[in-house]
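Coordinate analysis (summary)
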Amino acid sequence: MTDNMKMRAQLKGDFVEVKVLMSHPMETGRKKDDFGQLIPAHFVQLVTATLNGKPVLEAQWGTGISKNPYLTFRLKGAKIGDMVAVTWQDNVGAIATQDIVVTQA
Amino acid sequence: MQRRSFLFGLFSLIILMPINALAAIWNKTAFETNKLNEATKNLDIHDEIISPDIQITAPDRAENGAIVQVEIKSNIADTESIVILVEKNPTPLIAHFKFSNGAEPFVITRIKMAETSDIKVVVKSGNQYFTNSKNVVVLENGCG
């Protein structure tokens, strides 16, 4: 699946800014559908990021992150041509990974 | 062993592995509790010192509690992690970020807020915890 994550990694002065937009329903498990049935919880629990294969960020999430999660983070010491990879895992076992090369802002 | 059951066993192993690995990392108790102090206790947060060196940028009033953009920047030396809690949400713990290998203690994300509440941020640096909070007035419930 290539359409469930949009990423950008740009060098801005002395840091690289990484922006990630994930496609995910982030269901809390407390919402009801049109028939009054509870919609089961379905949410991203873990997001990890690496720079050239080295871990830089680990994010544990609950159901309080908005639908189609958005995340910005910044990396010091990264340069143009470096590879940033982001992986998310949700509570039903789905996993998505995407990487992107750092470019000039 | 029959081939079918062997294959089924292999299949379920592949499916279950990532969930088990995840379960080891994800702090279930902290994320599922409906009490803020239970969540912080399960994250070993204690004796937090109020610090203006944690910058929280969020709207004073949110039209829609389903999407509240929050920017957090820690100016505290050796910040290892940032925790976001929303006091009045059904489950107050929103996110726990850990930084390493040159990642700056900075995040922007979008969170759900059930009602008007403080956003409480806790920063870990060494064995010390620092905190700051920002009140957001929510005009429309966002947890549904």
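Positions within a chain are numbered from 1, following the residues in the order the chain's sequence is written. To read the labels, note that chains go from A and ligands from 1, taken in the order they are written. Confidence filtering applies because this is a predicted model: local features only for residues at pLDDT of at least 70, side-chain atom pairs given and counted only at 80 or more, and all residues used for totals across whole chains, interfaces and linings. Side-chain measures here rest on the full set of heavy atoms in the structure, leaving out hydrogens and waters.

Taken together, the contact between chain B and chain A spans 34 residues of the former and 36 residues of the latter. Of the roughly 3,100 Å² buried between chain B and chain A on both sides combined, carbon and sulfur atoms contribute 53%. Salt bridge, as applied in this entry: a Lys or Arg side-chain nitrogen positioned within 4 Å of an Asp or Glu carboxyl oxygen. Run the count over chain B and chain A and you get 2 salt bridges. Counting of polar contacts relies on pairs of N or O atoms within 3.5 Å, with two restrictions inside protein: one atom must be capable of donating a hydrogen and the other of accepting it, and residues adjacent in sequence are counted only when both atoms are side-chain atoms. Applying the counting rule to chain B against chain A returns 20 residue pairs in polar contact (both at pLDDT 80 or more). When residues of the side of chain B that touches chain A are assigned to their parent elements, the largest contribution, 8 residues, is made by strand E7 (residues 103-111) of chain B. Pairing analysis gives 4 bridges linking strand E5 (residues 70-76) of chain A to E7 of chain B, with the strands arranged antiparallel. From the neighbouring strand, Leu75 of chain A faces E7 of chain B, where its bridge partner is Ala103 of chain B. Contact criterion: two residues are considered in contact whenever any of their non-hydrogen atoms come within 4.5 Å of each other. Computed with a 1.4 Å rolling probe, the buried area is the accessible surface lost when two parts are put together, summed over both parts. Only runs of H or I of at least four residues qualify as helices and only runs of E of at least two qualify as strands under DSSP, and these elements are numbered from the N terminus. Between any two strands, pairing holds if DSSP finds at least two bridges.

With that settled, consider the pattern of salt bridges. By the definition in use, this model includes 11 salt bridges over all chains. For the salt bridge of Lys120 of chain B with Glu48 of chain B, the shortest nitrogen-to-oxygen distance reads 3.0 Å. One end of the pair, Lys120 of chain B, is in strand E8 (residues 117-125); the other, Glu48 of chain B, is in the loop between helix H3 (36-42) and strand E1 (49-50), with 72 residues separating them in the sequence. Residue class for Lys120 of chain B comes out buried when judged on its relative accessible area of 15%. Among the ionic pairs, Glu80 of chain B bridges to Lys124 of chain B, the shortest N-O distance being 3.0 Å. Pair noted here: Glu80 of chain B is in strand E5 (residues 79-86) and Lys124 of chain B is in strand E8, with a separation of 44 residues, a long-range link. A simple rule labels every residue: compare its accessible area, found with a 1.4 Å probe on the protein chains alone, to the largest value its type can have, and call it buried under 20%, exposed over 50%, or partly exposed in between. A relative accessible area of 32% means that Glu80 of chain B is categorised as partly exposed. What makes Lys124 of chain B partly exposed here is its relative accessible area of 22%. Members of the salt-bridge network, linked through shared partners, are Lys12, Glu17 and Arg74 of chain A.

The next subject is the nonpolar core. Counting residues in hydrophobic clusters, the biggest one holds 64 residues, and the most contacted among them are Trp61 and Phe73 of chain A together with Phe97 and Ile119 of chain B. With near-sequence residues (within four places) excluded, Phe73 of chain A lies in contact with Val16, Glu17, Val18, Val20, Ala49, Leu57, Val84 and Val86 of chain A together with Phe106 of chain B. Here, nonpolar core refers to any group of buried Ala, Val, Leu, Ile, Met, Phe, Trp, Tyr and Cys residues whose side-chain atoms link them within 4.5 Å.

To pair, rings of Phe, Tyr and Trp, with the six-membered ring standing in for Trp, must have centres within 6.5 Å; the planes then decide the type, stacked if under 30 degrees apart, edge-to-face if over 60, and tilted in the middle. Per the counting criterion, the structure on display carries 2 aromatic pairs over all chains. For the pair Trp26 of chain B and Phe31 of chain B, a centre-to-centre distance of 5.0 Å together with 5 degrees between the ring planes defines the contact as stacked. The pair Trp26 of chain B / Phe31 of chain B is uniform in exposure class, with both members buried. Here the aromatic residues Phe43 of chain A together with Trp26 and Phe31 of chain B are joined through ring pairs into a cluster of three or more. We note Arg74 of chain A situated over the ring of Phe106 of chain B; from NZ or CZ to the ring centre the distance is 3.7 Å. Sitting over the face of the ring of Tyr70 of chain A, Arg110 of chain B holds its NZ or CZ atom 4.1 Å from the ring centroid. Our definition puts a charge over a ring when NZ of Lys or CZ of Arg is within 6 Å of the ring centre and also within 35 degrees of the ring normal.

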